[in-house]
Amino acid sequence: MKCPKCGWFSLRETEGGVDCKTCGYKLSAGEADKYRLFRLLRDESKGQQGTRGPGMV
């Protein structure tokens, strides 16, 4: 996910929330939740690549 301010893919999660490594922009609570959801879905899709679920041939 890109930083809303500078457009770089350099967001990171810290103890204080989510901020951009490039420009230092701190995401609002709603933006941080969106970022966490994006990461969760991305990581989940990576884990399912190349695996077959039950009942799949």
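Scroll up to find the structure this text is about.
About the thresholds
- Residues numbered from 1 in each chain as written.
- Predicted model: local features only at pLDDT ≥ 70, side-chain atom pairs only at ≥ 80, totals over all residues.
- Heavy atoms only, no water.
- Helix = DSSP H or I, 4+ residues; strand = E, 2+ residues; numbered from the N terminus.
- Buried < 20%, exposed > 50% of the residue type's maximum accessible area, 1.4 Å probe, protein only.
- Areas by Shrake-Rupley, 256 points an atom, 1.4 Å probe, with all protein chains shown as cover.
- Core = buried A, V, L, I, M, F, W, Y, C linked by side-chain atoms within 4.5 Å.
- Contact = heavy atoms within 4.5 Å.
- Salt bridge = Lys/Arg side-chain N within 4 Å of Asp/Glu carboxyl O.

Caption draft 1: Examining the overall build of the protein more closely. The secondary structure content of the protein amounts to 1 helix and 2 strands. Helices (α) and strands (β) of the protein occur, in sequence order from the N terminus, as β-β-α. Per-residue burial for the protein yields a buried fraction of 18% across its 57 residues. Total accessible area on the protein stands at roughly 4600 Å², and carbon and sulfur atoms take up 54% of it.

Caption draft 2: Highlighting the nonpolar core. Counting residues in hydrophobic clusters, the biggest one holds 7 residues: Cys-3, Leu-11, Val-18, Cys-20, Leu-27, Ala-32 and Tyr-35. At the level of elements, strand 2 (17–20) and helix 1 (29–48) are the ones that each hand at least two residues to this core. The contacts of Ala-32, once residues within four sequence positions are left out, are Val-18 and Leu-27.

Caption draft 3: Structural detail: the pattern of salt bridges. Inspection of every chain in the model, using the stated rule, returns 5 salt bridges. Residue Arg-12 is joined to Asp-19 by a salt bridge in which the shortest nitrogen-to-oxygen separation is 3.4 Å. As a salt-bridge pair, Arg-36 and Glu-13 come within 2.7 Å of each other at their nearest N and O atoms. In this pair, Arg-36 is assigned in helix 1 and Glu-13 in strand 1 (residues 11–14), connecting sequence segments 23 residues apart. Exposure remark for Arg-36: the relative accessible area of 32% places this residue in the partly exposed category. One continuous salt-bridge network, built from bridges that share partners, spans Glu-13, Asp-33, Arg-36 and Arg-39.

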